[in-house]
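Analysis of the macromolecular model
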Amino acid sequence: MAHVITGRYRGIPAQDGAGVKLTRVINQPQLRHQDPFLMLDEFRSDNPNDYIAGFPPHPHRGFVTLTYMLAGRMEHKDSNGNTGVVEAGGAQWMKAARGIIHAEMPKQEDGLMWGFQLWLNLPAARKMEAADWADYPQHKLGLIERDNYEIRVIAGSYEDTVGPIQQPEQEFLMLDVRLQPQAELELSSQQQQTRLLYVYQGQVSLNGSQLERGELVRLNATDNLQLQSSELAGVVLLAGQPIGEPISQYGPFVMNSPAEIEQAIRDYQAGRLTG
């Protein structure tokens, strides 16, 4: 039987927004788009100079963003009049679709800011739908609690526990698995063709292979995952079905062709992006 791990990667240092320092895990030279996942960033710093400038107003078209916070507070404001603050343990979902302009700014002046932003592609048939947005505090996430681990269901469903974010066309699953020392658990496969696991805290054994903090592994679609921890540890599991369409990306615009990208730029310059 083939090994469950089909690739191992580490993110690279990057900056985005107005100089926010982060680690780009997906959509970097060693690991490009992982259909339907376009990008995964982890931001983690207790130095305000690394994050205080935030992400001033900027446009998006053609995909979905998901922000998930482990520590700190981030405020969202967009061109549709939506506003909200995502705090530790909470998630924020934004369907940019045909267009939206938004800002994400820290709601703290010091302390630890730690979280993820994931970009999830939309199929061509949905790229020009109306934009949408939702805020989900920690108590809205699905939660599976056991003696020595817990699973937070952010998107999709797992063991009859449903997360607040649903993208059924992609069979999108996002879990935050937190393990106490000496924990053991098995995560069953839902057979999505794209399946990724990122270690954000501690180290874990995955089907006999040792993984360190900051490692992302690509997984096969079929095998269940046997996780063991010798210390406090945390992992994010992402899974989804590929869309299988061409991806044309220029910064914050992700469409199917260069012509559609050029149209997005023209619409933004003319103030039509959110029309």
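It should be emphasised that the depicted structure is a prediction, and the values quoted were computed from it without experimental measurement.

The feature "binding site: Fe cation" (unreviewed entry), as given by UniProt, occupies His58, His60, His102 and Glu104 in the numbering adopted here. A maximum C-alpha distance of 12.8 Å among these annotated residues, which run over 47 residues, shows that they cluster at one spot. Checked against the element boundaries, His58 lands in strand E5 (residues 55-60). At a separation of 2.7 Å, a polar atom in the side chain of His58 contacts the main-chain carbonyl oxygen of Pro56. For His102, the residues in contact, after removing those within four places along its chain, are Pro56, Pro57, His58, His60, His76, Lys77, Asp78 and Met94. A distance of 3.2 Å separates the side chain of His102 from the side chain of His60, its partner in a polar contact.

This next bit is on the sheet that holds strand E4 (residues 37-45). On the basis of which strands lie adjacent, the open sheet formed by seven strands has the order E2-E3-E4-E11-E6-E9-E12 and antiparallel pairing. Among the strands making up the open sheet, the edge pair consists of strand E2 (12-16) and strand E12 (132-136). Within this sheet the neighbouring strands show an average axis-to-axis angle of 20°, counted without direction. Where E2 meets strand E3 (residues 20-26), five bridges bridge the pair, whose relative direction is antiparallel. By the bridge assignment, Pro13 is partnered in E3 with Thr23.

With 33 residues, the main nonpolar core has Leu66, Tyr68, Ile165, Phe172, Met174, Leu216 and Leu238 as its most contacted residues. Counting residues per element, this core draws most heavily on strand E6 (residues 63-71), at five residues. For Leu238, the contacting residues outside a window of four places in its chain are Phe37, Leu40, Leu118, Phe172, Leu173, Met174, Thr194, Arg195 and Leu196.

Rules behind the numbers
- Residues numbered from 1 in each chain as written.
- Predicted model: local features only at pLDDT ≥ 70, side-chain atom pairs only at ≥ 80, totals over all residues.
- Heavy atoms only, no water.
- UniProt positions renumbered as here; feature names shortened; annotations may be inferred.
- Helix = DSSP H or I, 4+ residues; strand = E, 2+ residues; numbered from the N terminus.
- Polar contact = N/O pair within 3.5 Å; in protein donor to acceptor, adjacent residues only side chain to side chain.
- Contact = heavy atoms within 4.5 Å.
- Pairing = 2+ DSSP bridges.
- Axes fitted to C-alpha atoms, helices over the stretch in contact; angles between N-to-C directions.
- Core = buried A, V, L, I, M, F, W, Y, C linked by side-chain atoms within 4.5 Å.
- Buried < 20%, exposed > 50% of the residue type's maximum accessible area, 1.4 Å probe, protein only.

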